[in-house]
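Next come the chains, spelled out residue by residue.
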Amino acid sequence: MRANPLPAAALLALGVLLPAAAAPAQANGPGFQYVGQDDHVHGVTSPNGCVEAAGGGGRAVTNHTGTTASLYRSPHCQGPVVAVLLPDAVTPVRQSFSSVRFSVPERP
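This is a predicted model, so every value here is computed, not measured.

### Structural notes on the nonpolar core
Stage number 1. Phe32, Tyr34, Val61, Leu71, Phe97, Val100 and Phe102 are the most contacted members of the largest nonpolar core, which totals 14 residues.
Stage number 2. Among the elements that take part in this core, strand S7 (residues 89-103) stands out by supplying five residues, more than any other.
Stage number 3. Beyond its immediate stretch of four places on either side in the chain, Val61 contacts Phe32, Gln33, Tyr34, Leu71, Leu85, Ala89, Val90, Thr91, Val93 and Phe97.

Spelled out as structure tokens, the structure:
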């Protein structure tokens, strides 16, 4: 489980390409991406369990992992939950987050 920083130039690509071509982006790169407080795009390559958000997560988040992503304010998936993203969600996040827990959504 690791988060990979992507170049700052990828910020434009994230905003333009992911909504239009989510399936190819998922096949070629991380399924969970976010813009960090360090102004870099980060991607989680192994979305399983609790993962620390390199660069301090915040701003835009894309979840094409097939799992639910719960964003926590504190490291180690502790403290308040900032947001919960269902599979295939693309959304801005107003509050910063330090870690993400990936879990399979429950079926009704």
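Additional details are given in the paragraphs that follow.
### A look at the packing of aromatic side chains
Stage number 1. The tally for this structure, following the rule as stated, stands at three aromatic pairs.
Stage number 2. Seen from their ring centres, Phe32 and Phe102 are 5.1 Å apart, and the 85 degrees between their planes marks the pair as edge-to-face. You can see Phe32 sitting in strand S2 (residues 32-36) and its partner Phe102 sitting in strand S7, a full 70 residues away along the chain. Exposure class is identical for Phe32 and Phe102. Each is buried.
Stage number 3. With 5.4 Å between their ring centres and 65 degrees between their planes, Tyr34 and Phe97 make a pair best called edge-to-face. Here Tyr34, found in strand S2, pairs with Phe97, found in strand S7; they are 63 residues apart in sequence, far enough to count as distant.
Stage number 4. Ring pairing ties together the aromatic residues Phe32, Tyr34, Phe97 and Phe102, which thus form one cluster.

Definitions and limits used
- Residues numbered from 1 in each chain as written.
- Predicted model: local features only at pLDDT ≥ 70, side-chain atom pairs only at ≥ 80, totals over all residues.
- Heavy atoms only, no water.
- Core = buried A, V, L, I, M, F, W, Y, C linked by side-chain atoms within 4.5 Å.
- Buried < 20%, exposed > 50% of the residue type's maximum accessible area, 1.4 Å probe, protein only.
- Helix = DSSP H or I, 4+ residues; strand = E, 2+ residues; numbered from the N terminus.
- Contact = heavy atoms within 4.5 Å.
- Phe/Tyr/Trp six-rings, centres within 6.5 Å; stacked < 30°, edge-to-face > 60°.

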